[in-house]
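Here is what each chain is made of, one letter per residue.
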Amino acid sequence: MSYIKKPSAKHPRLPKNRLGLTRRDYEGALSTLCAGCGHDSVSSAIIEACFNLSIPAHKLAKLSGIGCSSKTPTYFLNKSHGFNSVHGRMPSVATGANLANRDLFYLGVSGDGDTASIGLGQFCHIIRRRLNMLYVVDNNGTYGLTKGQFSATNDKESKSKKGEDNLFESIDLAALAIQLGAGFVARSFSGDKEQLVPLMTAALKYKGFSFIDVISPCVTFNNHIQSTKSYQYFREHNEALGFLDVIPDKEEIKIQYDEGTTTEVEIHDGSKMILRKLDNNHNPYDKSNALSVLNGHQSDGSVVTGLIYLDKNEMDLHDTINTNHKPLNILSEKELCPGSSGLDFVNKNFS
Amino acid sequence: MSMKPTDISDPEYFHKVVDCQWACPAHTPVPEYIRLIAAGKYTDAYMLNWESNVFPGVLGRTCDRPCEPACRRVRVEDEPVAICRLKRVAADYKDDVSKLIPKPPKKTNGKKIALLGAGPVSLAVARDLLPLGYECTAYERDPVPGGLMRTNIPSFRLPAEVLDEECNQIINMGLKVEYNHEVNSFKEFLKLDHDAVFIGTGAPKGKDLNIPGRQEASKNIHIGIDFLASVAFEHVSKIGKKVIVLGGGNTAMDCCRTAVRLGGKEVGVYVRSPKVDMKASDWEVEEAEMENIPIYENHVPKEFIIKDGKLCGMLFEKVTAEYSNGKRKLIPTGEPLVEVECDDVLMAIGQDNAFEWMEKDLGIEFGEWDMPVVDKKTMQSTLPKVFFGGDAAWGPENIITAVAHAHQAAISIDLFCNGKDLNERPEPHVFLESSKMGLHEWSYDNGYDEVERLSVPHADLKESLKNRKLEVELGYDDEMAFQEASRCLNCDVQTVFEENRCIECDACVDVCPEDCINFVQNDEEDKLRASLRVPALNLEEDIYVSDVLPTSRVMVKDEDLCLHCGLCAERCPTGAWDMQKFFYMGAQSKDGCSG
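Residues numbered from 1 in each chain as written. Chains lettered and ligands numbered in written order. Predicted model: local features only at pLDDT ≥ 70, side-chain atom pairs only at ≥ 80, totals over all residues. Heavy atoms only, no water.

A. Looking closely at the overall build of chain A. Looking only at helices and strands, chain A has 12 helices and 13 strands in total. At 21 Å, chain A has a C-alpha radius of gyration in line with the 20 Å of a compact globule built from 351 residues. The principal-axis extents of the C-alpha atoms in chain A amount to approximately 75 × 50 × 50 Å. Buried positions account for 55% of the 351 residues belonging to chain A. At a minimum sequence separation of 6, the contacts of chain A that also span at least 24 residues come to 71%. Within the structure as shown, chain A displays about 16,100 Å² of accessible surface, and the carbon and sulfur contribution to it stands at 52%. (Helix = DSSP H or I, 4+ residues; strand = E, 2+ residues; numbered from the N terminus. Rg over C-alpha atoms; globule rule 2.2 N^0.38 Å. Buried < 20%, exposed > 50% of the residue type's maximum accessible area, 1.4 Å probe, protein only. Contact = heavy atoms within 4.5 Å. Areas by Shrake-Rupley, 256 points an atom, 1.4 Å probe, with all protein chains shown as cover.)

B. A look at empty space enclosed by the protein. Summed over the entire model, instances satisfying the criterion amount to 12 cavities of 30 Å³ or more. Of the volumes computed, that of the largest cavity is approximately 300 Å³. As for the largest cavity, its lining consists of 22 residues, of which A:Lys6, A:Glu27, A:Ile47, B:Asp510 and B:Val511 are closest to the centre. For the lining of the largest cavity, the secondary structure elements donating two or more residues are α1 (38-52) of chain A together with α20 (507-511) of chain B. Here the lining of the largest cavity gets 5 residues from one element, more than from any other, and that element is α1(A). Partitioned by chemical class, the residues of the lining of the largest cavity number 8 nonpolar, 4 polar and 10 charged. (1 Å grid on protein atoms, 1.4 Å probe; cavity = no way out; pocket = protein on both sides within 12 Å on 5 of 7 lines; lining within 4 Å. Points joined across faces, edges and corners; volume = space filled by probe spheres on them. Nonpolar A, V, L, I, M, F, W, Y, C, P; charged D, E, K, R; others polar.)

C. Representation of the pattern of salt bridges within the structure. Residues and elements named next belong to chain B. Counted under the stated rule, the structure contains 65 salt bridges over all chains. The closest approach of N and O atoms between Arg 72 and Asp 19, which form a salt bridge, is 3.2 Å. With a gap of 53 residues between them, Arg 72 in helix α7 (residues 72-77) and Asp 19 in helix α2 (residues 19-23) connect regions that are remote in the sequence. For the pair shown, Arg 72 and Asp 19 are each scored as buried. Glu 473 is the salt-bridge partner of Arg 85, the closest N and O atoms lying 2.5 Å from each other. (Salt bridge = Lys/Arg side-chain N within 4 Å of Asp/Glu carboxyl O.)

D. Main features of unusual backbone geometry. Backbone geometry places B:Asn325, a non-glycine residue, at a positive phi of 50 degrees. Along the chain, B:Asn325 turns up in the loop between β11 (310-324) and β12 (327-332).

E. Examining the nonpolar core more closely. Counting 131 residues, the largest nonpolar core has B:Phe55, B:Leu175, B:Phe186, B:Ile199, B:Phe388 and B:Ile517 as its most contacted members. At 11 residues, helix α17 (residues 399-417) of chain B tops the list of elements feeding residues into this core. If sequence neighbours within four positions are ignored, B:Phe186 has contacts with B:Leu116, B:Val197, B:Ile199, B:Trp357, B:Met358, B:Glu359, B:Leu362, B:Ile364 and B:Val386. In this structure, A:Cys50, A:Ile55, A:Ala202 and A:Val214 belong to the second largest nonpolar core, which totals 37 residues. (Core = buried A, V, L, I, M, F, W, Y, C linked by side-chain atoms within 4.5 Å.)

F. Broad picture of the packing of aromatic side chains. All names here are of chain B. One pass over the structure, following the stated rule, counts 26 aromatic pairs over all chains. Look at Tyr 270 and Phe 316: their rings are 4.6 Å apart centre to centre, the planes differ by 15 degrees, and that puts the pair in the stacked class. Placement of Tyr 270 in strand β8 (residues 266-270) and of Phe 316 in strand β11 is noted, with a sequence separation of 46 residues between them. Tyr 270 sits in the buried class, given a relative accessible area of 8%. Three or more aromatic residues joined by ring pairs make a cluster, and in this case those are Tyr 139, Phe 186, Phe 189, Phe 355, Trp 357, Phe 366 and Phe 388. The side chain of Arg 65 reaches across the aromatic face of Trp 283, ending 3.7 Å from its centre. (Phe/Tyr/Trp six-rings, centres within 6.5 Å; stacked < 30°, edge-to-face > 60°. Lys NZ or Arg CZ within 6 Å of the ring centre and 35° of its normal.)

G. Quick look at the sheet that holds strand β11 (residues 262-266) of chain A. Residues and elements named next belong to chain A. A sheet is described by the order of its strands in space; here 3 strands give the open sequence β10-β12-β11, paired in antiparallel fashion. Two strands close off the open sheet at either side, each with one partner strand: β10 (242-247) and β11. Pairs of neighbouring strands in the sheet enclose a mean axial angle of 20 degrees, with direction left out of account. With 5 bridges connecting them, β11 and strand β12 (residues 272-277) associate as antiparallel partners. For Thr 263, the partnering residue across the bridge sits in β12 and is Leu 275. Along the sheet, helix α7 (residues 193-205) makes contact with β10 and β12, crossing β10 at roughly 50 degrees. (Pairing = 2+ DSSP bridges. Axes fitted to C-alpha atoms, helices over the stretch in contact; angles between N-to-C directions.)

H. Structural detail: the sheet that holds strand β2 (residues 81-84) of chain A. All names here are of chain A. Here 8 strands make up an open sheet; going across it, the order is β2-β1-β3-β4-β8-β7-β13-β9 and the pairing mixed. Strands with a single pairing partner mark the edges of an open sheet, and in this sheet they are β2 and β9 (238-240). With strand direction ignored, the average angle separating the axes of adjacent strands in the sheet is 20 degrees. One ladder, built from 4 bridges, connects strand β7 (residues 184-189) with strand β13 (residues 303-310); its direction is antiparallel. Counted as the bridge partner of Ala 186 is Leu 307 from β13. Sheet strands touched by helix α3 (residues 90-100): β1 (60-64), β2, β3 (105-111) and β4 (133-139). Its angle to β3, the strand with the most contacts, is close to 175 degrees.

I. Seen up close, the pairing of strand β14 (residues 344-347) of chain B. Residues and elements named next belong to chain B. By the alternation rule, side chains of β14 split into Asp 344 and Leu 346 and Val 345 and Met 347, which are all buried. Sheet analysis places strand β6 (residues 221-223) next to β14, joined by 3 bridges and oriented parallel. Bridging from a neighbouring strand, Ile 223 pairs with Met 347 of β14. In the sheet, strand β7 (residues 242-246) pairs with β14 via 4 bridges, with the strands oriented parallel. Bridge pairing links Val 245 to Leu 346 in β14.

J. Main features of the domain arrangement of chain B. For chain B, the domain assignment lists domain 1 (11-99 + 431-485), domain 2 (103-204 + 353-417), domain 3 (206-349) and domain 4 (493-589). Measuring from the centre of the C-alpha atoms in domain 2 of chain B to the corresponding centre in domain 4 of chain B gives 44 Å. (Domains from an automatic or database assignment.)

K. Seen up close, the packing of helix α8 (residues 83-93) of chain B against helix α19 (residues 478-485) of chain B. Residues and elements named next belong to chain B. Interhelical geometry of α8 versus α19 gives an angle of 145 degrees and a closest axis separation of 10 Å. The handedness of the crossing between α8 and α19 comes out as left-handed. Contact with α8, carried on its side by Leu 86, Val 89 and Tyr 93, involves Asp 478, Ala 481, Glu 484 and Ala 485 of α19 and no other residues of that element. A per-class count over the contact of α8 with α19 returns 5 nonpolar, no polar and 2 charged. (Left-handed = near helix turned anticlockwise from the far one by under 90°.)

L. Region of the structure containing the interface of chain A and chain B. Chain A puts 31 residues into the contact, and the matching count from chain B is 32 residues. Around 2,700 Å² of area is buried between chain A and chain B when both sides are counted, 51% of it from carbon and sulfur atoms. Considering only the side of chain A, the residues that lose the most area to chain B are A:Ile4, A:His11 and A:Arg13, jointly responsible for 21% of the buried surface there. The interface formed by chain A and chain B includes 5 salt bridges. A:Arg23 is the partner of B:Asp515 in a salt bridge, and the nearest nitrogen-oxygen pair spans 2.9 Å. Applying the counting rule to chain A against chain B returns 17 residue pairs in polar contact (both at pLDDT 80 or more). Here the element with the most residues in the side of chain A that touches chain B is α1(A); it accounts for 3 residues. Here the side of chain A that touches chain B is composed, by residue class, of 13 nonpolar, 9 polar and 9 charged. (Buried area = accessible area lost by both parts, 1.4 Å probe. Polar contact = N/O pair within 3.5 Å; in protein donor to acceptor, adjacent residues only side chain to side chain.)

Following this line, the structure appears as structure tokens:
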């Protein structure tokens, strides 16, 4: 937490995106989370991804529930739309917003409490419905705002700061997301922007439900030696499945890739995702393989990161329920009013 | 080869980060005195300046201010902190400082030091040596002390009372001054048997221009610095209606502004070069232009026109400048010569040293351009007991450079008189201590102030032009001083990084407003600089490299644009970053063997 305002001065040579903006233009208020909180790095990665995609601020809505994680939308994109909803109810609000205006980017930021405990039901159903959004969980395995109780994602072998045992099994949100039909599922680490930023960039572009489980250490309550969600534990047990590069539409591929190590996926808007695989046993396009890779690593204590599962068949809720292609707020009287012949038709059904 | 971790125990590393102090020849602790001014502690600010640069009141008005172009604020947003004018605030609003000036010991050490000239450099040498017990005597050609500060700088820029106060501070410490004492033979002078002799006679000879008509018109052609001296001593009080000033340096600006005040109606400055190449400080040019004095660039003087045995005008050739390989050539445009009418001409085209009075067989070696051979570090000539400084050493510079020379010369004279090796010089005073006062509290104001540089209020133009003694700049009042002082970025509060505390959480990287901080793989310097979030292209500024961290990366901070706002330290969960106040005061003779 800091008392000074973040200085407005910025580096004169900061890169600019297609809109002529720098990443500083995507910032929000200075964070009031604990110094060193992983969530701030996640916010910073979001800023970077939105900057990379040249998203105009008014074309994005940020949504959250309750918790340290859910405070973070204040700290980025301060010119975008935002809704800080009830605890665990961000998915309902996101669904309503998305149905009303399908033209925006929807970015939900939640935490392990907001998603895996009070909001678990909502989480399951928003996945099933494949709402077109990026759902990010800042996962630190603890209830930071209420002083460090275990959350539902805390690993069973991970003790509390005071040394108490955790009695219950943890919920693997990434596995749950794959099972329930999410199209883009990844896991990453707040302290590794090289991996996290491209994942976010791709996930924002993906049409359908994208989920990123970000291990984001709580420096105050869950960064101790017996924790499996500390900076140190993560760095010692990280098992990266691969790296992702996102090449925007019409841009030339400049990086030289070794043959046979990459796969390329084109997404609906013409951009390309290039996946450099590190694990040859992993097939990100196969649901059951993705799940078994997750399970296999969970049992040896390592943390799998990178793009875990991708459904190349991009599909979202609007496709499923066949809604109008325009956002509701731009529909005119002509489209909304069925006219007298339409009315006659409807009335006939009651006669 | 990867870069080695930065050695922050070398005081020069953090000294260089304090750009203003690094650029100041006398290394005045600028941010420290600016904070004192902001706190209203004008006397303390004055004394800190006095310790370092000896003439805060004079320099607060007349310094060439190498600190200002160096100010980090120029790179951050264009306009430097008005460092020079803040110095003047300290001098203007201080209390009586006479009790704070060190007194020489009751008993002297018996060593006699002669100072030739009583200008800034000699006075500063005396200031350094008197408290150590040396008997110092200055020999001055003029009837008053101050040297060029009195003769070359007009009163409307530096009032006599300000100069007198600071000269008298030193004279009252026990400096004897022999006025009206011009040394015509150094051989004879050396017979007076001083333990050491310091030569601070300046560069007193104005350059002349030998073009047709020079001799015939000599009555109305004046050497700039001689003209200014004559005005200062009130030997000259008027000038012709039409005046041509030749030259593009600060002396030319002083000459034209003086001419206007002595009754010149059509005063114009004619410069050989394009305006951008003029040697005068930008602010001096601005002041002249504010007084509606035109400056004509690309005019090369060709001839003085004589009519009836009297100067009546000048001919100029128009040129354009061409630059190749960093060299400038002035190419005539071929247009007809320009004729300009005039009654008087002031020539301010440069100054030379003059050592006719110094016999060549005394053991003092002379080198290029008949200049004495002087050791750059010790200021010693080839005759061991003779030292040089100020403009007399290597030609015209400025007052602050003279002061820097004086400190070094005084150290050398002290070592010399004690029979010590002149190359074993005292170390600077350095402190580095945490400025942390609490959770989010530092012992300095770390917020970034967005206000723009304040311009200094001026006296009414009409009044100024009537009275050559009326100071043009009025200086800041205390509120303006506070506002301007708050623009200082406190570059002396250093970001100190301790790698064994760092958990590489990226909090500092994310919060840094200038994108200075990076965690990257080490490499050789140019590659490392290129690999940063924003590549570190300003090679004048160092990059701060840590030792290897657990992820095998290193922390690299580009010092270039750091605002010293302390956000990295505030957002660091482990205290790996700390804001530490760095104090640096160059060594003086009091830190040497007699101190």
